[in-house]
Amino acid sequence: QVSEALKSIARNQHIKSYIQQSNELYPLLLKAAKRFITGESRIDGIKIANELISKGYFISLEYIWENTTDLKECIKAKDQFLGLIEKMGSLSMNQTVSLDLSHIGLSVNPGTASSHLLELAQKAYQHGITLMISMEESAKTDDILDVYKKTSKHYPNVGITIQANLHRSSHDIQELIHYPGKIRMVKGAYQESSDIAMSRSKELNNRYLDFIEQLIEVNHPTSIATHDEILIQEMRQRQYLTHNAEIEMLYGIRPDLLKDLRGKGYNCKVYLTYGQEWFLYLCHRIAEYPENLYIAVANMIDP
Ligand code: FAD
């Protein structure tokens, strides 16, 4: 409930414009957010991406944007992603770009998202860049998977995120394993009813392990996207962390653990974001893990 309240505060337009107009609050909150986002502009994202790449990490970069039903806004978001792909291409950054389909048209209609994704996939393919589609609320899962499958037939550089907590995911994985794109496995961030998804539990962790095992067995390109140290330790013991698998974590979350894993020679990827919607992103990070509030405040007062 607290986390849902925090998310609605973040979406409140009055609070948003109050923050944007406040000369004191705006820079202070942005400083706090910078523990979790690279900054407001593409240059900020590229700069931190380059620093991480030079330290031996892979990166995935996302332009954060509001969920939108306005076609013009979707086109703007798609153009922003095109610019990002072109910039990364010009710097020979053969890495990953991540996006939500609802930012590029899914909420207008799936056909719009599909044609925008095709345009992005083609550009990314030319530059040797991977595109990873995020997974959103369960009401959108069918549409997201449909758009992914259509694109994947033409562009193997497009991958998909699967939420281990959804009951339907065991069936989806059986199907998706026959598509070439990378599968990013996450536990699931959205609140869903119990007939649709299971909550955090030992059972969910076992399911997560099962899904990773299925992907590793057939040597499918896999992203193990979790900050769960115990789960990662278990996967190391079971030798799931093969050359075709990477461990992917959000920027600013458990960097100590990711550094340690990189030092041990595993493929490690950092998921970076940039954009003006950083306040919503910051609230999401605090909502999912309230201790992040202390980290953000520490960042705020750090000289
Ligand atoms: P949890 O069971 O939530 O936590 C296990 C332990 O990990 C915690 O006890 C804590 O020690 C540590 N931990 C977890 N989260 C945090 C945190 N925020 N700060 C500090 N420590 C933490 N979800 C979707 O629904 N759709 C997506 O497309 C999606 N994409 C993602 C992409 C990446 C690269 C990552 C890493 C996550 C993504 N998620 C997505 C979020 C995911 O579903 C989980 O909500 C999130 O990763 C937290 O779950 P967990 O596996 O880390 O483990």
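Look up a bit, the structure's there.
This write-up is about the structure you can find in this document.

Judged by nonpolar contacts, the single largest core of 70 residues is most densely connected at M88, L101, L131, I160, M185, M235 and L272. Residue contributions to this core peak at 7 residues, all from helix α9 (residues 202-217). Discounting chain neighbours no more than four positions away, the residues touching M185 are I162, A164, I173, Y208, F211, I212, L215, S223, I224 and A225. Judged by nonpolar contacts, the second largest core, of 18 residues, contains I19, I37, W278 and C283.

Here we come to the sheet that holds strand β7 (residues 245-250). Strand order around the closed barrel formed by 8 strands is β1-β2-β3-β4-β5-β6-β7-β8, with parallel pairing between neighbours. With strand direction ignored, the average angle separating the axes of adjacent strands in the sheet is 30°. One ladder, built from 4 bridges, connects β7 with strand β8 (residues 268-274); its direction is parallel. What sits directly across from L250, in β8, is Y271. Against the sheet, α9 makes contact with β5 (183-186), β6 (222-224) and β7, and its axis sits at roughly 165° relative to β5, the strand it touches most.

Enumeration according to the criterion identifies 6 aromatic pairs in this entry. Judged by centre distance (6.1 Å) and plane angle (50°), the rings of Y148 and Y179 are tilted. Here Y148, found in helix α7 (residues 141-154), pairs with Y179, found in the loop between α8 (169-176) and β5; they are 31 residues apart in sequence, far enough to count as distant. Pair check on accessibility: Y148 and Y179 agree, each one buried. Relative to F279, the ring of W278 lies with its centre 6.4 Å away and its plane at 85°, an arrangement referred to as edge-to-face. The burial state of W278 is the same as that of F279; both residues are buried. Linked through ring pairs, Y63, W65, F81 and Y274 together constitute an aromatic cluster. Looking at R285, its charged tip hangs above the ring of Y281, at a distance of 4.5 Å from the centre.

Conventions adopted
Residues numbered from 1 in each chain as written. Predicted model: local features only at pLDDT ≥ 70, side-chain atom pairs only at ≥ 80, totals over all residues. Heavy atoms only, no water. Core = buried A, V, L, I, M, F, W, Y, C linked by side-chain atoms within 4.5 Å. Buried < 20%, exposed > 50% of the residue type's maximum accessible area, 1.4 Å probe, protein only. Helix = DSSP H or I, 4+ residues; strand = E, 2+ residues; numbered from the N terminus. Contact = heavy atoms within 4.5 Å. Pairing = 2+ DSSP bridges. Axes fitted to C-alpha atoms, helices over the stretch in contact; angles between N-to-C directions. Phe/Tyr/Trp six-rings, centres within 6.5 Å; stacked < 30°, edge-to-face > 60°. Lys NZ or Arg CZ within 6 Å of the ring centre and 35° of its normal.

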